[in-house]
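Remarks on the overall topology
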Amino acid sequence: MSAINIIVDGRTLAVEENATVAVALLDAREYAFRTSVSGEARGPLCGMGVCYECRVTIDGVPHRRACLVVVAAGMRIETAAARA
Amino acid sequence: MTHTLRECDVLVVGAGPAGMSAAARAAESGARAIVADEGVAPGGQIWRPALRSSSPVVAQRWAARLAGSGAVVLRSTSIVELRRGANDGWLALAESNDGGFQIAARSIVLATGARERFLPFPGWTLPNVVGIGGAQALLKSGMSVRGRRVVIAGTGPLIFPVAASLARAGAMLVVVAEQAPRHKVLRFAAGLWRSPALLARAAAYRAAFLRTPYATGTWVVAAHGEPAVQSVTITDGASTRAIECDLLCAAFGLVPNVELARLAGCDVAEGRVIVDARQATSMAGLYCAGEPTGIGGVDLSLAEGEIAGLAAAGRQADAALLGRASALRRHAAAIDEAFALRAEVKALAKPDTIVCRCEDVRMRELDPRWSARQAKLYTRAGMGACQGRICGSALECVMGWPADSVRPPTQPVRVSTFLQDIQSAQSLPHGAH
């Protein structure tokens, strides 16, 4: 298992290849994937693409489900923290 | 856009165990089969391609069989609409990373699996409060839990493999709380002697987390923490205690995914798609297999998938296969009875507890006299990104509100996918409108 670099909110992170974006963020102790409509921090709940709580912006595309996307070298991810 | 319309004899929706066996059997019978799945590889949630552990032998066997069957596997592809197509067939609208496209099929097998049932309690929206299957899915995707304090609170047999996985991955599993009362769990366990393989599996799981108490008749009351969960309060009805944790896994059984079946017009009762012995639904050319017909586990899903795949390809399943499926269904009924939800877990939400997580609708905003439709119209509960998949199943339990009708698309899609659908419909000689 080798590591690749992704960019999370401007910060470079070394993550395991084949990990999902959700796992890469959780392992980096990023809790606030998105901000709810009333301002709460939210992270993954179902882990399987049903709940839409883990939505982040990936390579400029908003509302991607982090639990369904596998990391790729150089991938740029923006979480709620970046938009706060 | 590479394809705007794909054609096949059998379209299988979902590539978990039921979808894999359905697609393989259909393709082996000579049908041109396509199987579409949201995941990055076949396997579904239970056989999710694991990063750190190897897949069970049966999963590898079916993966190889599917790969050799000639069925086309569409990965990272969602089916978001299903309607009648030309020549008594069906037309599905699909979306992949590359965009939207249509799939025309003579028959369809819905193998859409199940999701977890979440029930609202104070603190359930905090980061690091996840599902039980959710934790398993994240673990299999590579989540690291070494040295982290984990509490599981929920119900059902799914707790066992997940607790075992967490313990093996190095988590400090503090307590496992099962809401079902001790006598029901014991009676269920005693009944397992009829299925030695299941009993052995359960014992192996328990051995993996033997140092952690398995507390029956115990359930979650609230989660606390900032910015993520730091502790959980659990109770057995008599005494209540707070436990520090870094991860709380809380869910209350499984809910069949029946949205596409309902959209297509299939008869659904008590949240399950009604099928006959050939897995045929009430709609001609539409079959259903696995968890959507009632939660039954991986072995039943495989058997139903085989039957449905054969039927969709115009073939008949043999008596042995049909007999295996009906024996497995009896086991599923025993699980339902043992792990029925107690009234207390349906009443955990306080007035200010969020019930609809997409729209942040709180319990106090809902009137028990309403229907799910009224709650939608008055408060937006169920109108968010998940389309009521989380709060709809919760409110069915908490308020007794049956699920509202399903309209396309069954999940959020890009506008371009819709445009693709409209353009394709206009250019089709036998457009289904």
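Residues numbered from 1 in each chain as written. Chains lettered and ligands numbered in written order. Predicted model: local features only at pLDDT ≥ 70, side-chain atom pairs only at ≥ 80, totals over all residues. Heavy atoms only, no water.

This brings us to the overall build of chain A. The helix and strand tally for chain A stands at two helices and seven strands. Along its sequence from the N terminus, chain A presents helices and strands in the succession β-β-α-β-β-β-β-β-α. Expressed as a percentage of the 84 residues in chain A, the buried residues total 54%. For chain A, restricting intrachain contacts to residue pairs at least 6 apart in sequence, the fraction spanning at least 24 positions comes to 41%. Here chain A has roughly 3400 Å² of accessible surface; of this, 50% comes from carbon and sulfur atoms. Computed over 9 positive and 9 negative side-chain charges, the inter-centroid distance for chain A is 6 Å. (Helix = DSSP H or I, 4+ residues; strand = E, 2+ residues; numbered from the N terminus. Buried < 20%, exposed > 50% of the residue type's maximum accessible area, 1.4 Å probe, protein only. Contact = heavy atoms within 4.5 Å. Areas by Shrake-Rupley, 256 points an atom, 1.4 Å probe, with all protein chains shown as cover. Lys, Arg positive; Asp, Glu negative; His and termini not counted. Charge placed at Lys NZ, Arg CZ, Asp CG, Glu CD.)

With 36 residues of chain A at the contact, the number on the chain B side is 40 residues. Between chain A and chain B, a total of about 3000 Å² is buried, with carbon and sulfur atoms accounting for 57% of that surface. On the chain A side of the interface with chain B, the three residues burying the most area are Y31, L45 and M48 of chain A, jointly 23% of the side's total. Applying the counting criterion to the chain A and chain B interface returns three salt bridges. Note that E53 of chain A and R357 of chain B form a salt bridge whose closest N and O atoms lie 2.5 Å from each other. Between the two partners, chain A and chain B, sit 14 residue pairs in polar contact (both at pLDDT 80 or more). Where the side of chain A that touches chain B is concerned, the elements lending two or more residues are α1 (21–27), β4 (41–42) and β6 (61–65) of chain A. Broken down by element, the side of chain A that touches chain B gets its largest block of residues, four residues, from α1 of chain A. The class makeup of the residues in the side of chain A that touches chain B is 18 nonpolar, seven polar and eleven charged. (Buried area = accessible area lost by both parts, 1.4 Å probe. Salt bridge = Lys/Arg side-chain N within 4 Å of Asp/Glu carboxyl O. Polar contact = N/O pair within 3.5 Å; in protein donor to acceptor, adjacent residues only side chain to side chain. Nonpolar A, V, L, I, M, F, W, Y, C, P; charged D, E, K, R; others polar.)

Scanning the model with the defined rule gives 26 salt bridges over all chains in all. E81 of chain B is paired through a salt bridge with R83 of chain B; the nearest N and O atoms lie 3.2 Å apart. The same class applies to E81 of chain B as to R83 of chain B, namely buried. In this structure, E304 of chain B and R329 of chain B form a salt bridge, with 3.0 Å as the shortest nitrogen-oxygen distance. In this pair, E304 of chain B is assigned in helix α8 (residues 298–312) and R329 of chain B in helix α9 (residues 319–338), connecting sequence segments 25 residues apart. On the basis of relative accessible area, E304 of chain B is assigned to the buried category, the value being 1%. On the basis of relative accessibility, which here comes to 35%, the residue R329 of chain B falls in the partly exposed class. Shared partners join several salt bridges into a network, and the residues in it are R34, E40, R42 and E53 of chain A together with R357 and D360 of chain B.

To continue, consider the sheet that holds strand β13 (residues 231–235) of chain B. All names here are of chain B. With antiparallel pairing, three strands are arranged side by side in an open sheet as β12-β13-β14. Each edge of the sheet is formed by a strand with only one pairing partner; in this case those strands are β12 (219–224) and β14 (240–244). Neighbouring strand axes in the sheet, compared pairwise and without regard to direction, differ in orientation by 25 degrees on average. (Pairing = 2+ DSSP bridges. Axes fitted to C-alpha atoms, helices over the stretch in contact; angles between N-to-C directions.)

Residue and element names in this part refer to chain B. Bridge count between β12 and β13: five bridges; the pairing is antiparallel. The residue bridging W219 from the neighbouring strand is T235, located in β13. Counting the residues between successive antiparallel strands, the hairpin from β12 to β13 contains six residues, one of them, G225, with a positive phi of roughly 150 degrees.

The next point concerns the nonpolar core. With 102 residues, the main nonpolar core has V21 of chain A together with I152, L166, L248 and L366 of chain B as its most contacted residues. Dropping the residues within four chain positions of it, L248 of chain B is found in contact with F121, N128, V129, V130, V151, A153, V220, A223, V229 and V232 of chain B. (Core = buried A, V, L, I, M, F, W, Y, C linked by side-chain atoms within 4.5 Å.)

Let's shift gears to helix α10 (residues 372–379) of chain B. Helical geometry: 3.6 residues make up each α-helical turn, so side chains three or four residues apart lie on a common side. Residues and elements named next belong to chain B. Within α10, the full set of buried residues consists of A372, A375, K376 and T379. Buried positions in α10, seen along its axis, are confined to an arc of 105 degrees and lie on one side of it. Summarising the geometry of α10, the exposed residues directed more than 90 degrees from the buried face are L377 and Y378. One or two residues past the end of α10 sits R380, with phi positive at roughly 75 degrees. (Arc of directions from axis to C-beta.)

Residues and elements named next belong to chain B. Where helix α5 (residues 182–191) meets α9, the closest approach of the two axes is 9 Å, and the angle between their N-to-C directions is 165 degrees. Classified by the interaxial angle, the pair formed by α5 and α9 is roughly antiparallel. In the crossing of α5 with α9, the sense of the turn from one axis to the other is left-handed. Contacts from K184, R187 and F188 in α5 reach H331, A334, I335, E337 and A338 in α9. (Parallel < 35°, antiparallel > 145°, perpendicular 65-115°, else oblique. Left-handed = near helix turned anticlockwise from the far one by under 90°.)

To continue, consider the confidence of the model for chain B. All names here are of chain B. When pLDDT is averaged along chain B, the result is 93; 96% of the residues meet or exceed 70. Within the model, pLDDT remains below 50 along residues 429–433, and this stretch shows seven contacts once partners closer than five positions in the same chain are excluded. As scored by the predictor, the complex reaches a pTM of 0.94 and an ipTM of 0.96. (pLDDT = per-residue confidence, 0-100.)

All names here are of chain B. Within the secondary structure, A284 sits in the loop between β18 (272–273) and β19 (286–288). Relative accessible area serves as the criterion here: at 53%, A284 is assigned to the exposed category. Through-space distance from the C-alpha of A284 to that of L91 is 13 Å; in sequence the pair is 193 residues apart. Other than its neighbours up to four places away in sequence, A284 contacts R84 and W90.

Turning our eyes to something else, we now look at the packing of aromatic side chains. Residues and elements named next belong to chain B. All chains considered together, the criterion is met by four aromatic pairs over all chains. Where F160 meets F209, the ring centres are 5.7 Å apart and the plane angle is 70 degrees; that geometry is what we call edge-to-face. A residue pair is termed long-range when its members are at least 10 positions apart, and F160 in helix α4 (residues 159–168) and F209 in the loop between α6 (196–208) and β11 (214–216) qualify at 49 residues. Measuring from ring centre to ring centre gives 4.9 Å for W370 and Y378, while their planes differ by 65 degrees; the resulting arrangement is edge-to-face. A relative accessible area of 19% places W370 in the buried class. Taking relative accessible area as the criterion, Y378 reaches 51% and is therefore assigned exposed. Sitting over the face of the ring of W124, R357 holds its NZ or CZ atom 4.7 Å from the ring centroid. (Phe/Tyr/Trp six-rings, centres within 6.5 Å; stacked < 30°, edge-to-face > 60°. Lys NZ or Arg CZ within 6 Å of the ring centre and 35° of its normal.)

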